[in-house]
2 protein chains.
Amino acid sequence: MALVNEHFLKLQNNYLFADISKKVDAFKAAHPRDKIIRLGIGDVTQPLPEAVRTAMHRAVDEMGDRDTFRGYGPYQGYPFLIDAIIGNDFAPRGIAIEPDEVFISDGAKCDTGNIGDILGCANSIGVTDPVYPVYIDTNVMAGRAGNFEAGRWNGIEYISCTAENNFIPALPSRKVDILYLCYPNNPTGTTLSRDELKKWVDYALENDVLIMYDAAYEAYIQDADVPHSIYEIEGAKKVAIEFRSFSKTAGFTGVRCGYNIVPKELNGSTLEGCSVSLNTLWGRRFTTKFNGTSYITQRGAEAVYSPEGKQEVKALIDYYMTNAAIMRRGLIECGFDVYGGENAPYIWLKTPGGMSSWEFFEKLLNEAKLVGTPGVGFGPSGEGYLRLTAFGDRNETLEAVERLSVL
Amino acid sequence: MALVNEHFLKLQNNYLFADISKKVDAFKAAHPRDKIIRLGIGDVTQPLPEAVRTAMHRAVDEMGDRDTFRGYGPYQGYPFLIDAIIGNDFAPRGIAIEPDEVFISDGAKCDTGNIGDILGCANSIGVTDPVYPVYIDTNVMAGRAGNFEAGRWNGIEYISCTAENNFIPALPSRKVDILYLCYPNNPTGTTLSRDELKKWVDYALENDVLIMYDAAYEAYIQDADVPHSIYEIEGAKKVAIEFRSFSKTAGFTGVRCGYNIVPKELNGSTLEGCSVSLNTLWGRRFTTKFNGTSYITQRGAEAVYSPEGKQEVKALIDYYMTNAAIMRRGLIECGFDVYGGENAPYIWLKTPGGMSSWEFFEKLLNEAKLVGTPGVGFGPSGEGYLRLTAFGDRNETLEAVERLSVL
C-alpha cells in the first residue's frame, strides 16, 4: 500500500476555526432567535471595487473572441500585472525589483505553504508567537516542526510577543534557519518600526537566516515610520522573501490572487555548502506544479493599480480602519486593554480578570452573542488574548461595541 | 543559510517546451517572413463558451453587491459545482461519488503535483512511457525518483508503450506503490478499453497499488468501449484517485479550474502498517495550503454543465476532433504511421526512415515550418515519435497537412 506522509498525522485534529464553528453552531441551536455578530475570521465583507469588476468583465469578453482569447499564460504571471506591481508597490519606495523576481499566484496562503517545497527538511524554524497557524502547520507537514509537546512544537522556536514586551519580538535565543515575520501582524495587529525591522534584517544577514516576510496587510499601514516592504531595509534582498496579497487590500478573498518576491540575490545552501538561487528553484516549482493564475483574475488585480482602483481600495481600507477605530475607542472606554487596530485590521484584546482565551470567547458568545477568535488558537503566547477583526459591516461593528459596553 | 531541497537540483536543466521555443525562435530570426504553424503545445485556441462567460459576468456582478459578495469559499469548492460534477460526470455512469470526495482546484497539473504532499518519500513510482513530464518531475522534487542515469530515473519504473505493443502497457515487472495512468493518453492519444483498464484495477487491488488516474482528456472519447472514469471499473474506489480538468474540455487553460476525486474507501499506510484515509489527508492539505478556487471561476465551471454549456462544449470537442481526423487522414495518405487522434486530441506520429524525434522535429520546422513536439521529450519510449495536437485553428490544421504532404 502507498505510504503516507506521516508528518500529516502529527497535526492537531481540530482546527481553530472549525472548533469555533462548532461552538457557534451549538449556541445557535440553543438560541435560534439571537443575532450573532461574527468578528472572528479575517474575511472581508465589502464589495469588490468597480474598477476591478469592469476589468474582469472586459477580460471575460476577450476570452469570447478567438483573436483575444488567452490560453496558458506565463507561469510567473502576465507582464502587465508584474509591471503594475513593480511600478506601484516598489518603485515609489525606491525599491528596485526585476520582473523575474515577481511571482503571481492564487494567494499568499498558498505561497507561504508552497515555498516550503524548495527548502530542505532539516531547516530549523522560528516564528513570532502568537502566529498565523499556516506557517506552523505547513512546516509540520514537511517534517520540520518536530513533535507537539506541552502546547508547542519542539522543532520550532517560538518568539513571544505579548503586552509585556510591547509585542516587539526579541532576537531568537537559538539558531534558526528560517524565520517567519508577518507585519502588520496577524493576529495581534501590531507593527514593527523601520528601526525594529532593520534589527531583524541585520540579524538575518549576520546569521544567514532566511526571512519569510508576510506583508499581506501592508495596505492598512497609516504611520510613516512603519515599513510597507522589508526591502525598504538595506540588505533585505539578500535574506528575505516577501509575500503580498490582494485579498485584504482589494477584497480578493473569494477571487484569489497574491504575489511574492524572490530576489535573485537570495540564496539557499546545499548540505555541502554550495549556494543555490532560491529564485531559480521557486521558478522551477512554478513551472512544474502550477500553471499560472487566471487571466481574468490578473486583469482584475491590474485594475487595483488604476487611478479608479486606487481610490476605491483606499475607500475600502478607510472603511475597515474606521471600524478598527470604533472598536478600539469603544473597547478602551469599556476599560479593556487593547492592542493593534491602528495600522492593521485586527484588534488584539487582553481578556479581563485573568480569564483564559476560551473562557472569554465563551463569555462573549453567551453574553454578547459576539464571535471573536481565542488568542491561544494562534499559539501559547496568545493565551489571555482574543482577536477581533475590523472586516465586519459598519452597523454590526457599532452594535458589537455597544454589546461589549454592557457586558 | 537555509538548506534547499536538493532533489530540485537533480532536475534536468532544460525543459522540453523551453528547448522547442529556443529552436523555433532561432528559426524565426533566420526566416522572419515564414509563417510557422504551431502544433506543439497542447493549448486550446477556440473561445470560452458563451454559457461560461455569461455565468462569469453574473458572478462578477454578484461580487459588486454586498448582499451577494462572496469572500472565502468552502475549501473543497462550492456545493453548486460539486453537485453539478457528481450529477453529470459520474451519476449517469452509475458511479456514486459523495460531495466530500470531490475537491475543486485551479487545475489538474497543480493537483497531480500537489497530491504528492500527502504521500511518503519512500514510495516506488511507476509511469507509462512516454509520459506527461509533470508526473516525473514532481516525484523528482519529492525525492522519489532516484537518480537520472542513461536517459531515465532509476527510482522510476518505466512501462513502455509503443507501436510494438499497440500502446497497451504491460503490468510492471517490479513492485510499484504508486502508478500514474493517463487515459486518453497524453502524449500518444491512445486509450485503454474497459477490459484493459480492469486489468490494471485488478492488479492494483491485488498488489496494493495506488493509481493516479489522469482523465483530463475524457471529453474526447468517442468509442463506447473506452471508460471515461476509472470508477466505471469495479473496485477502483479502493485504489484510485482521479484527476479531471476543464482546460481541454471547455477551454479553461487560461481560466484555471480542475477537480479530483479522492474516494473515502481509499487508504494509504504508515510504515507500521496502519491504514490512513487519503481523503482525510488530502482534505487537510486543502485547508492548510489552499484557499479555494475563485468563486467566479467556479460559476463558470458550473455553466459547463448547463444545457447551453454542454452544447457549446460538444461543439468545441467536435471542432478539435475534426482537426484530429483531418490530420490522421492526411498523414496516413502521406504514408506516415499514425496513432491516437480517435479518442484524444493528440496525434502520435512515427518518424519516417528511422529518424530520431529531434531530427524529425528539425526537418518539420525547416522544411514545413511546422512545430511538433519530439516524442523523446516525453520519455525514452517516445524516441522515434513526434506529437501533434488537434488544438489548432482549422485553417492552420489544413495547411499543416498540406505542407506535410509535399515534404
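Residues numbered from 1 in each chain as written. Chains lettered and ligands numbered in written order. Predicted model: local features only at pLDDT ≥ 70, side-chain atom pairs only at ≥ 80, totals over all residues. Heavy atoms only, no water.

Asker: Residue-level account of the interface of chain A and chain B, with values.
Answerer: On the side of chain B, 81 residues touch chain A, which itself brings 81 residues to the contact. Taken together, both faces of the contact between chain A and chain B bury some 7100 Å²; the carbon and sulfur share is 59%. Here Asp393 of chain A makes a salt bridge to Arg66 of chain B, at a shortest N to O gap of 3.5 Å. The interface formed by chain A and chain B includes 37 residue pairs in polar contact (both at pLDDT 80 or more). Looking at the side of chain A that touches chain B, the elements with two or more residues in it are α2 (50–62), α4 (108–114), α5 (133–141), β11 (267–269), β12 (275–277), α8 (278–289) and α9 (295–303) of chain A. By residue number, the principal contributor to the side of chain A that touches chain B is α8 of chain A, which donates seven residues. Partitioned by chemical class, the residues of the side of chain A that touches chain B number 34 nonpolar, 28 polar and 19 charged. (Contact = heavy atoms within 4.5 Å. Buried area = accessible area lost by both parts, 1.4 Å probe. Salt bridge = Lys/Arg side-chain N within 4 Å of Asp/Glu carboxyl O. Polar contact = N/O pair within 3.5 Å; in protein donor to acceptor, adjacent residues only side chain to side chain. Helix = DSSP H or I, 4+ residues; strand = E, 2+ residues; numbered from the N terminus. Nonpolar A, V, L, I, M, F, W, Y, C, P; charged D, E, K, R; others polar.)

Asker: A description of helix α11 (residues 357–368) of chain A should follow, citing residues and the corresponding values.
Answerer: Two residues of an α-helix separated by three or four positions point the same way, owing to the 3.6 residues in each turn. Residue and element names in this part refer to chain A. Taking 1.5 Å per residue, 12 residues should reach 16 Å; α11 reaches 16 Å between its end C-alpha atoms and fits that length. Listed as buried for α11 are Ser357, Phe360, Phe361, Leu364, Leu365 and Ala368. Viewed end-on, α11 has its buried residues packed into an arc of 135°, placing them on one side of the element. Where the residues of α11 are buried, they touch α1 (16–30), β14 (346–350), β15 (370–371), β16 (373–374), β17 (385–389) and α12 (394–405). Following α11 by one or two positions, Lys369 has its phi on the positive side, about 50°. (Expected span 1.5 Å × (residues − 1). Buried < 20%, exposed > 50% of the residue type's maximum accessible area, 1.4 Å probe, protein only. Arc of directions from axis to C-beta.)

Asker: Tell me about the pattern of salt bridges, residues and numbers included.
Answerer: All names here are of chain A. Counting across every chain of the model gives 49 salt bridges over all chains. The salt bridge partner of Arg174 is Glu157, with a shortest N-O separation of 2.7 Å. Here Glu157 lies in strand β6 (residues 156–160) and Arg174 lies in the loop between β6 and β7 (178–182), a separation of 17 residues in the sequence. The exposure class assigned to Arg174 is partly exposed, which follows from its relative accessible area of 38%. Residue classification places Glu157 among the buried residues on the basis of a relative accessible area of 11%.

Asker: If you had to explain the relation of the copies chain A and chain B to someone new, which residues and values would you point to?
Answerer: When chain A is fitted onto chain B, the two copies agree to an RMSD of 0.0 Å after a turn of 180° and an axial shift of 0.0 Å. Given the turn and translation reported, the copies of this chain are related as if by a two-fold rotation axis. Residue His57 of chain A, judged by its C-alpha, is the member of chain A lying nearest the rotation axis, at 3.0 Å. Comparing interface residues between copies, 100% of those in chain A also sit at the interface in chain B, which points to an isologous, same-surface contact. (Least-squares fit on C-alpha atoms with pLDDT ≥ 70 in both.)

Asker: Describe the environment of Asn139 of chain A, naming the residues involved and giving the relevant values.
Answerer: Residue and element names in this part refer to chain A. Among the secondary structure elements, Asn139 is positioned in helix α5. Taking relative accessible area as the criterion, Asn139 reaches 1% and is therefore assigned buried. For the pair Asn139 and Ile168, spaced 29 residues apart in sequence, the C-alpha to C-alpha distance is 24 Å. A distance of 2.8 Å separates the side chain of Asn139 from the backbone oxygen of Tyr135, its partner in a polar contact.

Asker: I'd like a description of the sheet that holds strand β13 (residues 338–340) of chain A, backed by residues and values.
Answerer: Residue and element names in this part refer to chain A. As summarised here, the arrangement of the four strands in space is β13-β14-β17-β16, forming an open sheet in which the pairing is antiparallel. Of all strands in the sheet, those with a lone pairing partner are β13 and β16, marking the two edges. Alignment of β16 against β17, held across two bridges, turns out to be antiparallel. Within β17, the position partnered with Thr373 by the bridge is Arg387. In the packing of α11 onto the sheet, contacts are made with β14, β16 and β17, and the angle to β17 comes to roughly 45°. (Pairing = 2+ DSSP bridges. Axes fitted to C-alpha atoms, helices over the stretch in contact; angles between N-to-C directions.)

Asker: Any chance you could break down the sheet that holds β6 of chain A for me, citing the residues and the numbers?
Answerer: All names here are of chain A. The seven strands lie next to each other as β2-β10-β9-β8-β7-β3-β6, forming an open sheet whose pairing is mixed. Each of the sheet's edge strands pairs with one partner strand only, and the pair in question is β2 (102–105) and β6. Averaged over all pairs of adjacent strands, the angle between their axes in this sheet comes to 20°, without regard to strand direction. Examined bridge by bridge, strand β8 (residues 210–214) and strand β9 (residues 240–245) share four bridges and lie parallel to one another. Looking across to β9, one finds that Tyr213 is bridged to Glu242. On the sheet, α8 packs against β2, β8 and β10 (258–261) and is oriented at approximately 30° with respect to β2.

Asker: Outline helix α2 (residues 50–62) of chain B, listing residues and values.
Answerer: Under the 1.5 Å per step criterion, the end-to-end length of α2 of chain B is 18 Å for 13 residues, consistent within 8% with the ideal 18 Å. Ala51, Val52, Arg53, Ala55, Met56, His57, Ala59, Val60 and Glu62 of chain B are the residues of α2 of chain B that are buried. On its buried face, α2 of chain B is in contact with α2 and α9 of chain A together with α9 (295–303) and α10 (307–333) of chain B.

Asker: Before we move on, can you summarise the nonpolar core with the specific residues and values?
Answerer: Membership of the largest hydrophobic core comes to 199 residues, with the highest contact counts inside it found for Phe246 and Phe252 of chain A together with Phe246 and Phe252 of chain B. Every residue in contact with Phe246 of chain A, bar those within four places of it in the chain, is listed here: Leu81, Ile85, Gly251, Phe252, Cys257, Gly258, Tyr259, Ala301, Val304 and Tyr305 of chain A. Formed by 74 residues, the second largest nonpolar core is a distinct cluster that contains Cys110 and Ala145 of chain A together with Tyr135 and Tyr158 of chain B. (Core = buried A, V, L, I, M, F, W, Y, C linked by side-chain atoms within 4.5 Å.)

Asker: An account of the packing of α5 of chain A against helix α8 (residues 278–289) of chain B is needed here, citing residue identities and associated values.
Answerer: Between α5 of chain A and α8 of chain B, whose axes approach to 10 Å, the crossing angle comes to 145°. α8 of chain B is crossed by α5 of chain A, and the crossing has left-handed handedness. Between α5 of chain A and α8 of chain B, the contacting residues are Val134, Asp137, Thr138 and Met141 of chain A on the first element and Arg284, Arg285, Thr288 and Lys289 of chain B on the second. The residue inventory of the contact of α5 of chain A with α8 of chain B, partitioned by class, reads two nonpolar, two polar and four charged. (Left-handed = near helix turned anticlockwise from the far one by under 90°.)

Asker: Explain the environment of Val201 of chain B residue by residue, including any values.
Answerer: All names here are of chain B. Within the fold, Val201 resides in helix α6 (residues 194–207). Each C-alpha atom of the pair Val201 and Ile233 lies 7.2 Å from the other, and the pair is 32 residues apart in sequence. Filtering out sequence-adjacent residues up to four positions away, Val201 remains in contact with Ile211, Ile230, Ile233, Glu234, Gly235, Ala236 and Val239.

Asker: I'd like to hear about the domain arrangement of chain A, residue by residue, with values.
Answerer: Residues and elements named next belong to chain A. Split by domain assignment, chain A resolves into domain 1 (12–47 + 308–405) and domain 2 (54–306). Each of domain 1 and domain 2 has a C-alpha centre, and these two points are 25 Å apart. Listed as interface residues are 31 residues of domain 1 and, on the opposing side, 42 residues of domain 2. Of all residues in domain 1, the largest losses of buried area upon contact with domain 2 belong to Asn343, Phe378 and Ser381, amounting jointly to 23% of the total for that side. Taken together, the connections running from domain 1 to domain 2 amount to zero salt bridges. Across the contact surface, domain 1 and domain 2 share 15 residue pairs in polar contact (both at pLDDT 80 or more). Elements that contribute at least two residues to the side of domain 1 that touches domain 2 include exactly α10 (307–333), β13, β14 and β17. Ranked by the residues each element gives to the side of domain 1 that touches domain 2, the list is headed by α10, at eight residues. A breakdown of the residues in the side of domain 1 that touches domain 2 according to their chemical character gives 16 nonpolar, 10 polar and five charged. (Domains from an automatic or database assignment.)

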